[in-house]
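Working through the structure, step by step
Listed here are the chains, written in short residue letters.
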Amino acid sequence: MDDCTLSKLTVKPGTLIPAFKTDVTEYNVTVASNVEKITLNPTTSDNGASFSISGSGGSRDVPLKEGVTTDIKIEVSSEDNTLKSYFVHVKRLSAKDAVLTDILIKNGHLEPEFNPNQLEYYCRLPCNVSEATITPKAPDPKNAVTVNGGKPEAQLPLNTGLTEVKIEVTSPDGTNKKLYIVEIVRKPIPRHVKFTDTKAAHDFECPISLSPLYCPITVKNSNPRRSYSGPIINELTKISKVDPLTGDALLAGWKIQDFELDKSMATQSAVIPLTYGGSTEPKKFSTLAGHLAECSKLVPQEDLSGKFGSSAETLKRTLEEHKWQKSLQQIFDETNPEILKKNCQAHLDAYYKKLPKAGQFRQQYNDGESPMDELQTAIHCMATALKFKPKDADIHLKLAMLLEEKYLAEDMFGLKKEEKDEAPSLNLQAKESSKEEEVFAICKLKGIDESAPVSHHLKALDNEYHHLLDSGQSGKADHVQSLYVWYSKKVSQEGAAAHKAEDNESPLGQAYQKYLDALCIDESKAVYNFHVGRLLVVKGNYEEAVKRLEATLSWNSQHEMARFYLGLAISLSKKESQARGKEAIKYLLAGMELLLSELSKQANTAEETIPKAALFAENLVRTSNVYLLRGIIQLGNLLTSNEVKDAMSSMDVFHTAALLATQVLPTVCRGDVYKQIEWILVDAHSNLLEILIKQKGVDELIASRCQRLSALIFNSTISGNYKLLELQEATCQKLVKIQPSVSYSLFLLGSAQFALYENTPKGEASKLHLQDAENSFKASIALEGKTSEEKVLDLVTNQRWWMEFVKKEEEAKKASSAPVVPPGGGKVSSPPANTTAATRGGRGGAAAAGRGRGGQPAAASTTQAKGDKSKHVSRGNAAARGAPAARGGAAARGGKAVPAPNKKETPPAKQETPPATEPAKEAKQVEAQAPKVVIKNVKSYPPRLGLARVLRAADQPDEAKKFYAEVIDMAPEIHDAYIESAEMLAKSSPLEAADVYSKFPVSENPNFDDAFIFGEIVRILMKAEKFDDERLAKNMIAYGKVLGAVVLERYTKILEQKNKNELLRKVYAGLNNKSVDDPDMQAFFKFKFWI
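Everything in this summary refers to the structure shown in the same document. Note that the structure is a prediction, hence the values are computed from the model and not measured. Think of each chain on its own: its residues are numbered from 1, step by step along the sequence as written. Residue-level local features of this predicted model are given only where pLDDT is at least 70; pairs of side-chain atoms are given and counted only at 80 or more, and the full residue set underlies all totals for whole chains, interfaces and linings. Water and hydrogen atoms play no part in the side-chain values, which are based on all heavy atoms of the structure.

**Observations concerning the pattern of salt bridges**
Salt bridges, as used here, are contacts in which a Lys or Arg side-chain nitrogen is within 4 Å of a carboxyl oxygen on Asp or Glu. Scanning all chains against the criterion turns up 44 salt bridges. The shortest N-O distance in the salt bridge between Lys-307 and Glu-583 comes to 3.6 Å. Here Lys-307 is found in the loop between α5 (292-295) and α6 (323-328), whereas its partner Glu-583 is found in helix α18 (residues 581-603), with 276 residues between them in sequence. Between Glu-809 and Lys-737 there is a salt bridge, with the nearest N and O atoms lying 3.9 Å from each other. A residue pair is termed long-range when its members are at least 10 positions apart, and Glu-809 in helix α27 (residues 800-817) and Lys-737 in helix α23 (residues 722-738) qualify at 72 residues. For the exposure calls, accessible area comes from a 1.4 Å probe over protein chains only, and a residue counts as buried if that area is under 20% of its type's maximum, exposed if over 50%, partly exposed in between. The exposure class assigned to Glu-809 is partly exposed, which follows from its relative accessible area of 36%. Put simply, DSSP H or I for four residues or longer makes a helix, DSSP E for two residues or longer makes a strand, and each gets a number counted from the N terminus.

**Here's the deal with the packing of helix α25 (residues 764-782) against helix α28 (residues 942-953)**
In this analysis, axes come from line fits to C-alpha atoms, helices being fitted only over the stretch in contact, and the angle between any two N-to-C directions falls in the range 0 to 180 degrees. At a minimum axis distance of 9 Å, the contact between α25 and α28 shows a crossing angle of 150°. Relative to α28, the element α25 lies roughly antiparallel. For the crossing formed where α25 meets α28, the hand is left-handed. Judged by residue contacts, Leu-770, Ala-773, Glu-774, Phe-777, Lys-778, Ser-780 and Ile-781 of α25 engage Pro-943, Arg-944, Gly-946, Leu-947, Val-950, Leu-951 and Ala-953 from α28. Any angle from 65 to 115 degrees is called roughly perpendicular, while one under 35 is roughly parallel, one over 145 is roughly antiparallel, and all others are oblique. Helix crossings get a hand from a simple test, with the near helix turned counterclockwise from the far one by less than a right angle marking a left-handed crossing and a clockwise turn marking a right-handed one. By definition, residues are in contact when any of their heavy atoms lie within 4.5 Å.

**Comments concerning the sheet that holds strand β20 (residues 283-284)**
Judged by pairing direction, the sheet is antiparallel, and its three strands sit side by side in the order β15-β19-β20 without closing on themselves. The sheet is open, and its two borders are formed by β15 (194-195) and β20, each paired with just one other strand. Strand pairing follows a simple DSSP-based rule, namely that at least 2 bridges must link the two strands. Note that β15 and strand β19 (residues 269-271) share two bridges and pair antiparallel. Looking across to β19, one finds that Lys-194 is bridged to Val-271.

**Concerning the nonpolar core**
For our purposes a nonpolar core is just a set of buried Ala, Val, Leu, Ile, Met, Phe, Trp, Tyr and Cys residues, chained together by side-chain atoms within 4.5 Å. Among the nonpolar cores identified, the biggest contains 144 residues, and Leu-402, Tyr-515, Val-537, Met-561 and Tyr-565 are the most heavily contacted of them. When near neighbours in sequence (up to four residues on either side) are disregarded, Met-561 contacts Phe-530, Leu-594, Leu-620, Val-621 and Leu-628.

**Structural notes on the state of the cysteines**
By disulfide we mean two sulfur atoms from cysteines, separated by a distance within 2.5 Å. In the structure shown here, the tally under the stated rule is zero disulfides. Not engaged in a disulfide, the cysteine Cys-381 finds its nearest cysteine sulfur in Cys-344; these two sulfurs lie 6.0 Å apart.

**Considerations on the pairing of strand β11 (residues 144-147)**
Only one face of β11 is buried, namely the one carrying Val-145 and Val-147, since none of Ala-144 and Thr-146 on the opposite face is buried. Bridging between β11 and strand β13 (residues 162-170) involves four bridges; their strand directions are antiparallel. Considered in β13, the bridge of Val-147 is made with Ile-167.

Shown next, in the form of C-alpha cells:
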C-alpha cells in the first residue's frame, strides 16, 4: 500500500551512473551529440503504484538539447499517495565535448566507480596478469580515443608493479581533448625474487624489504637516487615525513612514482628460490609471476602416527565458571543455546562486513554501529549459551576464539573501545596500574625516577630482589621477582602478547582460559590441545607448548599447523632445540610452504582484497599471524647451523621473512602485532648481515646493509629493549670498521653509543658509553671536508670496542697460520668478524631504544642547507619528559637537501648468483655487490647536535651551549637545538632560555612543533611577569592560533587579575586576525570588561 519505490530503471540510449539500486535516487547519463531524446523505462516495486516522468508529456520519451544537461524527475506514487522521487540528469554532448562514458579493464574494476568527470582511477589485477586489455567507451562514434598513444583494446604490457595508462579522448569537431589516467597495479609476488644479474640485484633492491622494488617510489632530487617499494615507504612516512634511510626532510612533492624504474625492472631476468631447494627457470621479471603456481610444492610429510603417543599429559584442571565470564553473560529473551549460537554467527557476519579496509584504521563510529559492537554482542551470545550448556567443549572453544579475535581486532585494526560499564577493561587497568605503582615505588627507594629508561627500572628491581634475598625475606623477594618478570615482558619481543596472555582480565588471557576449559572437558580432541599449545607459544612457555603440541599430533598426526607450531616451539626451546633441530626444520619448512602457497593463490585471484570470513584463530595461515613469520626466522637460524638437503638456503629464507614482513606491515595498525612484525624485519636484516660478513670482497654491500639495519632500528616503533640498542651499536661498529673515515658512519655510531648511555644505569658502563659517543661525534666533525681515504683517527682507534676488534683479528690471523690439527683433533676455524652483535633473533631484553624527538639522522654523502630540520640524533628519553613525539622531525618544512658530492665509482666484477646452496657452503653464496666509492665528508649539523647532547649529559653546559649555537646557525629550523639548549638554561637563567627560544624562525604556517616553542616563551615570560615584553603578545597569538584559544585561558585569568587589559585586547584581536578597533572585537572586549 505505501511502497513508492522503483524495482528497476533503464534508459535508452546511455547507461545509468551509478548502476540502479532501489534506494539510490540520483543518476547521471551521458549521450552523444546526435541523440535528440532519451527513453526511460521505470518499473514500480508495487503493482498498485504509479509514476510520472517530467518533461515527457505523458510518454516515456524526454527531448534533449545539445550541449545541455536535462534534469528529469520520476515521481512514484503508492496506492496511499505516498510519494518518492528519482532524478536522472542527462547530459547531451555537443560536438565540442571530449568525454568518455566508461572504461572497462579485463579481470579488474576501477576505483572509484567510473564518472565522466573523474579523470584519475586505480585498478588492481592479479600478479600473474602481465598484459591488460583496456576498453574505453565514448558516447559518440566520432570521438577519437587513444590508449597510451595507440589503439583501444590492444594488449598493453604491464610492469611488475605499477603501470600508468593514459587514455585520451578528442571531441567530434577536434577542438577539445581530455585525458583520463588509470594506474594499474599488479598484486605483489609473495615470494622472494632474485635477479640473475648481480648489478641489477643491487640497483633494484628495496632497502627495507631487501627484495626487488615493488611499485617503486623515488625521493625527488635524491643523489644518489633513493628508491623504496611504494607500500612500505608510504607506511614509514605516514606520520614522520623523513627519509628513513638518510633522515632528509621529505618536502612537498618529494614522492616520484617511478614508472621508468618499474619498466626497467620488468625486462630483467629473475628466478624464485623454491622452499625445497633449487629455483625456477630464469624468466623476465614481468612474466615471472605467471609461473607462481609452479612454485607451490606441498611435499608429503612424515607419518607421525604413534610417534607422540606418550606425550599426551592429563590436564590437572577443574572446570569452573570464571568471574569475568559471568560479566559477559547477558539477559536475552532466548535461552536455547543453539539459537544463541546462530545469533552469535549473525553478529559475526555483521562484524566482518563492518571491518575497515587495510590501512583505514581508527575510524569513528556511532554508538552501537562499530565492528566491535557486533563482535561484543557475539561474545555475549556465546557466553550466555555457555551458561545454559556449561559442559559443551565446542562452545568453550568458540568463546575462546571470539575473545582472541577481540584482542587482535583491537590491536590490528585500531578498534580499541573503552566502555564505561566494561568491568574487565577497568579491572585490567587497575591491576596493571597497581603493579606499575609497586615498580615505581621500588625504583624511588633506589633513587631511580619514573621517567628513567626501563633498563634503570629493571636494575632497581634486580637490586631490591637480591637485597631481600640477602636479608632472608625470600617471600618478598619472590614477589619482586614476579614484578621483574611482569615488567620485563612488557618490553620484550614476545612482550605485550605474552604479558596479556597471562592476565585473566585481558581478552587474550581469557581466551587462554577458555581453551583450557575446552581441553579440560575433552582431552582427546586434537583441536583443543592445539589451541592450548599455540597459546603456550604466545606466552613463551616453549617446553610446555612442545608437550601439548605433541599431544595434538598424537590425536591427529596430519594437523599441519600443529606441526609448524611444534617446530617453532622446539626451535625456541633451549631444552629441545639442540637435539631436535633437524626435526624442527622439517616442520617449519612445511609451514612456510603452506603459507607461501596460500599467499600465491590469493595473489593470483582477481579480487581486490580477500574479504574476511573467519576468525583469526580459525585462519592461522596468513602473514598477519606473526608466529608464522617468526617461524620463518627460526627456520633460517636452524638452516644456518644444520646441514639439510632439499631446502631453501638460509639467506633466501631470511629474505622471504623480510619480504613478507614489509608486505604485511602497512596492513596492520601500530600496536602489539605491528611491533612484533618490526622485530621480524630487524631479525631478517641482522641475520642476513651476519651471513654477509662471512663473505669476502663485499665490504661496500656490508656497509650499505649496516646503514639500512641502523635506519630500521632508528625508525622502528619498538621501545624499551636493550638488546635492540646493543644490536644497533654492534651494527654501527661493523659499519665504522669498514668505513672508519666516513663522517656519517661515525655519527651513526655516536648516536647508538649515546642511546646506550641513556639506557644504562649510572656506573662505569654508562661512563664508557658516554665517552665513546663523545669521541665518535668529535671524529665525525674532525673528518668534515676530507675523504673516506683519510687515516683512521685516534678518536676511533682508542675506543675499547675497536681495540677488542683488532685484538680478535690478530688472534684470528695467528690461528689461521697455526699448524693444521691432525685428523680427529678437530677443525681449526677463525672466530667471527665481530662477536659484539646481539644474539641472532634478539629475543627479549629491556630498556628503551633511544628515540626521542630525533629520528634517523643525516647521511654523510649529502650536505645540509640551512633550514633543513629533518635530520636528528636519537635523544632516548625525551618523550618520557612529556615532549611531543618526534618534535622537529615529522613536520619538517623549508628544508632543502643539497645534492651529494661526486663519488668515484669502481664498477665491480660481474658475478653470477649461484643457486641455493646447502648451509655449510653458504658463505660462498655472494650477494650483489655495491659499487666501491670514495666518499667526501661534508659539513653537517647532526654530529654537532649529538656532541652537544653528550656534553650536556657530561655536565659541561658551557661547551654544550657552543655546539647548540653552531647547530642553530647551520640549521635554524631544528627544534631540538632550541629546546635542549633552553632546557639546559631554564633553571639557572630562564630569561636567557627565552632568548634562545626567541631565535627560532617562525614560518607562515606554524605547526605543533613550533607551538611548543611559542608556549615555552609564553610560560617563561608570564612566570617572570614580563608583561611589557613585546615577545609575550606575539607568542601568545602564535601559540593560540596553532593550538586554539583554550591554551591561553589560564594566562588570560592571570592577566585579568593584573589588569593587563591592553595586552589582552592585542592578543585576542591578533588571534582573530583583526585590529583592536574592529567593531566585533570592541563588542567582545566590552563583554569581557577589558575596556
